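Below are the chains, spelled out letter by letter.
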Amino acid sequence: MKVKYLLILMFVLNQCQEKKTYLEKNQIIEKAMYKNILRKQLEAGNYLKEEGLDPTSKYKYSLNDYDVVSDDVIENLKNQSHNPKKFEEKVFLVFGMKTKKDLVSILLDSPCPPDNFLFYASDDGSGIMSSYKPLQVDFKRKALLEAFYIPEIIEYQKKYPDLYQEENKMPRKVVIDETCYTIHKWKDITDLAQQRQKNIQTLINRNKYLFNDSKASLVWLKFHDEAFLESLVKVFGYVLDRDLLKWVLDRSLRDDKSNEKEFYKILVTKTCDNKYVFHKEVFEIMAQADAKSKRNYLDFLRGRIDLPKIDGLSFSEDARIKALYCYYATKIDKNSMFSFFPKLDDEKYEEEFKRNNYYNLPDFKELYNDTRHGGIGLPM
C-alpha cells in the first residue's frame, strides 16, 4: 500500500514539475516576443519626419503589438480593482453592441464599428497618423482599451535598460522610396512620462466608470476626457446615466441657438441599421431641473423658430420626431403649454398622427387638440 501511495506521489510531483517547466518556458518565449516587439517599435521611433511635411508613421502595427501592451494595461487595471460586472450587458447598453468577436474597434464619431481591427481612425493605407486612436472593446480581457505602443504605457527605460541602451545607438535616419526621413525617437519625447500617466489614468477611469459605476471616475473624465463622454451620448445614444446626460446637455446649450445641431445629436440617435431613436430622457432632465435651469431650457426650446431638422428622414419619421419633441416639451412646464404643438397645426400632421395611433401615448391626442390652436405659436 505504501508503495502505491509513493508511486502516486511521485507521479503527482512529476506532473507538477512538468507543468512548472512548461510555464517557465512559456514565460521565456513571451518575454522574448515582448522584447522583440518593443525593439521594433524603438527602431521605428515615435514618428518619421521629412523637412516641410507633417509627421508620418510607417510602422506596421499588428494584433501582436496590441496583445503585448494590452496585457500590461490589464495589470494596471487589476491594480485598481478592475472587476467588470456584466461586461457584455453593459457594452450593449452603452454601445448597442452584440457580437461573438473577441475584439471590436469603435470610433468616437461613428456608432458603426469597422469590420476589422483598426489602429488609427485614418488607417486607410496611407500610414498617416490621425489625432486619436479608435477604442477597442476587448471581450477576452473584459475591458475598454486602446491600441497603444509599449512606450506609451510602460516605462521601458527602467524595465528594459538593455533595450534603452540599444535605442541610443539606433539610426536616426531612414530612406523610404528614395526619401530621407528623420526618426523621432521615443526617448526624445520630453513629456513621455506625463503622456504615459495620462494614458493609464484615462483607461482606468473609463473602465471604472463604465463597468464599475464609479462616480469619482465620471468626475475625472469630465475634466480630462470630455470628447469620450460626449461621444457616449451624442454618437452612441447612451442616456441612462442622468448625471452624464445633464452634463452633456448643459455643455451643448452653453452657446444657446448656435448649438442646435449638437442638441439634435443628443435628442435623436441614428443606429447602424438606419433607425432613429428619440430620447425622451432629455426632456425628463429638463422637467426635473431647478427653476433657473428649467427656465433656461425652455428659453432655448421656445426661442427656436423651426422644429428639429434631421437629414435623411422620411415624412413619417420626421413627423414622429417632431410630434414627440412637441409632446415632451409641452410637459416640461405649464408655461410652455402653447409653445410647441401650434407649429404642427397642419392637416398632414393630424392625419399622420391618427395613422400611427398617436404613437401609443394615452394623452397625446388630447394634448395635441387642446394646445395646437391655443396661445401664440411661433411662425412655421
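What counts, and at which threshold
Residues numbered from 1 in each chain as written. Predicted model: local features only at pLDDT ≥ 70, side-chain atom pairs only at ≥ 80, totals over all residues. Heavy atoms only, no water. Helix = DSSP H or I, 4+ residues; strand = E, 2+ residues; numbered from the N terminus. Buried < 20%, exposed > 50% of the residue type's maximum accessible area, 1.4 Å probe, protein only. Contact = heavy atoms within 4.5 Å. Areas by Shrake-Rupley, 256 points an atom, 1.4 Å probe, with all protein chains shown as cover. Phe/Tyr/Trp six-rings, centres within 6.5 Å; stacked < 30°, edge-to-face > 60°. Lys NZ or Arg CZ within 6 Å of the ring centre and 35° of its normal. Disulfide = S-S within 2.5 Å. Axes fitted to C-alpha atoms, helices over the stretch in contact; angles between N-to-C directions. Parallel < 35°, antiparallel > 145°, perpendicular 65-115°, else oblique. Nonpolar A, V, L, I, M, F, W, Y, C, P; charged D, E, K, R; others polar. Pairing = 2+ DSSP bridges. Salt bridge = Lys/Arg side-chain N within 4 Å of Asp/Glu carboxyl O. pLDDT = per-residue confidence, 0-100.

J.: Account for the overall build of the protein chain, naming residues and giving values.
T.: Helix and strand counts for the protein chain come out as 15 helices and 8 strands. Residue burial in the protein chain is summarised as follows: out of 380 residues, 44% are buried. In the protein chain, the share of contacts with a sequence separation of at least 24, taken over all contacts with a separation of at least 6, comes to 65%. When the accessible surface of the protein chain is summed, it comes to about 21300 Å², and 51% of that surface belongs to carbon and sulfur atoms.

J.: Which residues make up the packing of aromatic side chains, and what are the values?
T.: This structure, assessed with the given rule, holds 28 aromatic pairs. Ring geometry for Tyr 327 against Phe 364: centres 5.7 Å apart, planes inclined by 25°, an arrangement best described as stacked. With Tyr 327 in helix H13 (residues 315-330) and Phe 364 in helix H15 (residues 364-371), this pair connects stretches of sequence that are 37 residues apart. The exposure class of Tyr 327 is buried, given its relative accessible area of 5%. Under the relative-accessibility criterion, Phe 364 is labelled buried at 0%. Over the face of the ring belonging to Phe 92 we find Lys 98, whose NZ or CZ atom lies 4.7 Å from the ring centre. When the ring centre of Phe 228 is taken as origin, the NZ or CZ atom of Arg 206, which lies over that ring, is 4.7 Å away.

J.: Tell me about the state of the cysteines, residues and numbers included.
T.: Under the definition given, this model contains 1 disulfide. In this model Cys 112 forms its disulfide with Cys 272; the gap between the sulfur atoms is 2.3 Å. For the disulfide bridge between Cys 112 and Cys 272, the dihedral angle about the S-S bond is near -130°, and by the sign convention the bridge is left-handed. With Cys 112 in the loop between strand E2 (103-106) and strand E3 (135-138) and Cys 272 in the loop between strand E7 (268-270) and strand E8 (276-278), the pair connects residues that are 160 residues apart, well separated along the chain. For Cys 272, a relative accessible area of 41% corresponds to the partly exposed category.

J.: Talk me through the packing of helix H3 (residues 87-95) against helix H6 (residues 192-212); I want residue IDs and the actual numbers.
T.: Where H3 meets H6, the axes come as close as 10 Å, and the angle between the chain directions of the two elements is 100°. As judged from the angle between their axes, H3 and H6 are roughly perpendicular. Across the interface between the two elements, Phe 87, Lys 90, Val 91, Val 94 and Phe 95 of H3 pack against Tyr 209, Leu 210 and Phe 211 of H6. In terms of residue class, the contact of H3 with H6 is built from 7 nonpolar, no polar and 1 charged.

J.: Residues and numbers for the pairing of strand E4 (residues 143-146), please.
T.: Residues Ala 143 and Leu 145 line one face of E4 and the alternating positions Leu 144 and Glu 146 line the opposite face, and both faces are buried. Relative to E4, E3 runs antiparallel, the two sharing 4 bridges. Bridging across to E4, Asp 138 finds its partner in Ala 143. As consecutive antiparallel partners, E3 and E4 are separated by 4 residues, and within that stretch Lys 142 has a phi angle of approximately 55°, a positive value.

J.: If you had to explain the pattern of salt bridges to someone new, which residues and values would you point to?
T.: Considering all chains together, one arrives at 30 salt bridges under this definition. One salt bridge in this structure joins Asp 213 and Lys 90, with 3.3 Å as the shortest N-O distance. Residue Asp 213 is found in the loop between H6 and helix H7 (215-224), and its partner Lys 90 is found in helix H3; the two are separated by 123 residues along the sequence. Overall, the relative accessible area of 56% leaves Asp 213 in the exposed class. Owing to a relative accessible area of 14%, Lys 90 belongs among the buried residues under this scheme. A salt bridge links Arg 172 to Asp 188; the nearest nitrogen and oxygen atoms lie 3.0 Å apart. Here Asp 188 lies in the loop between strand E6 (179-184) and H6 and Arg 172 lies in the loop between helix H5 (161-169) and strand E5 (173-176), a separation of 16 residues in the sequence. With a relative accessible area of 29%, Asp 188 lands in the partly exposed category. Through salt bridges with shared partners, a single network forms among Glu 230, Lys 234, Arg 251, Glu 262 and Lys 265.

J.: Describe the environment of Leu 144, listing the residues and the values that go with them.
T.: With respect to the helices and strands, Leu 144 occurs in strand E4. Spatially, the C-alpha atom of Leu 144 lies 7.3 Å from that of Leu 203, the residues being 59 residues apart in sequence. Here Leu 144 is in contact with Phe 95, Ile 106, Leu 135, Gln 136, Val 137, Leu 203, Asn 207, Leu 210, Phe 211 and Phe 228, once residues within four sequence places are set aside.

J.: An account of the side chain of Asn 199 is requested, with residue identities and associated values reported.
T.: Mapping Asn 199 onto the fold places it in helix H6. Judged by its relative accessible area of 15%, Asn 199 is buried. Asn 199 has contacts with Phe 148, Glu 152 and Ile 153, leaving out every residue within four places of it along the chain.

J.: Quick one: what's the story with the confidence of the model for the protein chain, residue by residue and with numbers?
T.: With 86% of its residues at a pLDDT of 70 or more, the protein chain has an overall mean of 86. In the model of the protein chain, helix H1 (residues 2-44) stands out as the element of lowest mean pLDDT, 70, in contrast to H7, which has the highest, 97. pLDDT under 50 marks residues 122-131. Its contacts with residues more than four places away, or in other chains, come to 14 contacts. Throughout residues 375-380 the model reports pLDDT below 50, and contacts reaching past four residues in sequence, or to other chains, amount to 11 contacts.

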